[in-house]
Amino acid sequence: MKNAAIVLVCAFAAAAGVFSISWGQVEGDFARLEVRAGGAVLAVLEKEEGVFPGGTELKEAFYVVPEDCISCQLCISTCPVEAISVDECGKAVIDPALCINCGICAGSCPVSAIHPLNLEDCSLVGITPENDEIILQQGFEED
Ligand code: SF4
Ligand code: SF4
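What counts, and at which threshold
Residues numbered from 1 in each chain as written. Chains lettered and ligands numbered in written order. Predicted model: local features only at pLDDT ≥ 70, side-chain atom pairs only at ≥ 80, totals over all residues. Near = placed C-beta within 6 Å. Nonpolar A, V, L, I, M, F, W, Y, C, P; charged D, E, K, R; others polar. Pairing = 2+ DSSP bridges. Helix = DSSP H or I, 4+ residues; strand = E, 2+ residues; numbered from the N terminus. Axes fitted to C-alpha atoms, helices over the stretch in contact; angles between N-to-C directions. Core = buried A, V, L, I, M, F, W, Y, C linked by C-beta atoms within 7 Å. Buried ≥ 20, exposed ≤ 12 C-beta atoms within 10 Å, placed from the backbone. Contact = placed C-beta atoms within 7 Å. pLDDT = per-residue confidence, 0-100.

Undergrad: Looking at this structure, I do not really get the site of ligand 1. What am I missing?
TA: The full set close to ligand 1 counts 14 residues, and Cys 69, Cys 72, Cys 75, Ala 92 and Cys 109 are the nearest of them. A breakdown of the residues in the shell around ligand 1 according to their chemical character gives eleven nonpolar, three polar and no charged.

Here you go:
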């Protein structure tokens, strides 16, 4: 049974990839841009030589919706690569660099707070110097 689980993990790991997304020129005075999904921050973009980059890459990985997480920590011990930690608010956080996209943690979550990356669910959010948040784009397609 254990071998079957390992084979399953490897099969999902082989399916993990990297998505490239892009957007148009960003107008407005923002301190940074964030790519989010369900309130989870998937990428943070700073200005490069005074201009925001016009796109980024997202590794295919699962993420936790912070508002849904009840901090039970059940998911943490299920991850075969120790990609899940707890943030300062007690919410589970998945490190996409470590995640192999197996989905095991999602099955363990009692409140369905863990989701696979779906570009249609992602948004580009501008954060102003006053920390206001403005949605600049909702949903992406892979480049
Ligand atoms: S199992 Fe679900 S609710 Fe519990 S810590 Fe993990 S993401 Fe949060
Ligand atoms: S975080 Fe979840 S989907 Fe990613 S490797 Fe761990 S168990 Fe698998």
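Undergrad: Even after reading the chapter, I still don't get the site of ligand 2, so can you show me in this structure?
TA: Not every one of the 15 residues close to ligand 2 is listed here, only the nearest: Phe 62, Cys 79, Cys 99, Cys 102 and Cys 105. Grouping the amino acids of the shell around ligand 2 by side-chain chemistry returns twelve nonpolar, three polar and no charged.

Undergrad: Can you help me understand the sheet that holds strand 3 (residues 40-45) in this one?
TA: Strand pairs in the sheet, formed through backbone hydrogen bonds, run parallel or antiparallel to each other. The strand order 3-2-9-10 describes an open sheet built from four strands, whose pairing is antiparallel. Looking at strand neighbours, the two that pair on one side only are strand 3 and strand 10 (133-138), the edges of this open sheet. Neighbouring strand axes in the sheet, compared pairwise and without regard to direction, differ in orientation by 30° on average. Of the strand pairs in this sheet, strand 2 (residues 32-37) and strand 3 are connected by five bridges, and their pairing is antiparallel. Along strand 3, the bridge assignment pairs Ala 37 with Ala 40.

Undergrad: It is not clear to me how the nonpolar core should be interpreted in this structure. Could you clarify?
TA: Inside soluble globular proteins, nonpolar side chains tend to come together where they are buried. Of all hydrophobic cores here, the largest spans 28 residues; its most connected members are Val 64 and Ile 94. Counting only elements with at least two residues in this core, the list comes to strand 2, strand 5 (62-64), strand 7 (92-94) and strand 9 (122-127). For this core, the element with the highest residue contribution is strand 5, accounting for three residues. Look past the residues within four positions of Val 64 in its chain and what remains in contact with it is Ala 40, Cys 69, Lys 91, Ala 92, Val 93, Ile 94, Ala 113 and Ile 114.

Undergrad: Hey, could you run me through the environment of Pro 80 in this one?
TA: Secondary-structure assignment places Pro 80 in the loop between strand 5 and strand 6 (84-86). When the 14 C-beta atoms within 10 Å are taken as the criterion, Pro 80 is described as partly exposed. As a C-alpha pair, Pro 80 and Cys 102 span 22 residues in sequence and 8.9 Å in three-dimensional space.

Undergrad: Would you take a moment to explain the environment of Gln 137 for this structure?
TA: Note on placement: Gln 137 falls in strand 10. With eleven residues separating them along the chain, Gln 137 and Gly 126 place their C-alpha atoms 9.5 Å apart.

Undergrad: Explain the confidence of the model for the protein chain to me, please; I cannot follow it from the model alone.
TA: Predicted coordinates in regions of low pLDDT should not be interpreted in detail. Residues with a pLDDT of 70 or more make up 89% of the protein chain, whose mean pLDDT is 91. With pLDDT under 50 throughout, residues 1-14 is counted as low confidence; its partners more than four residues away or in other chains account for ten contacts.

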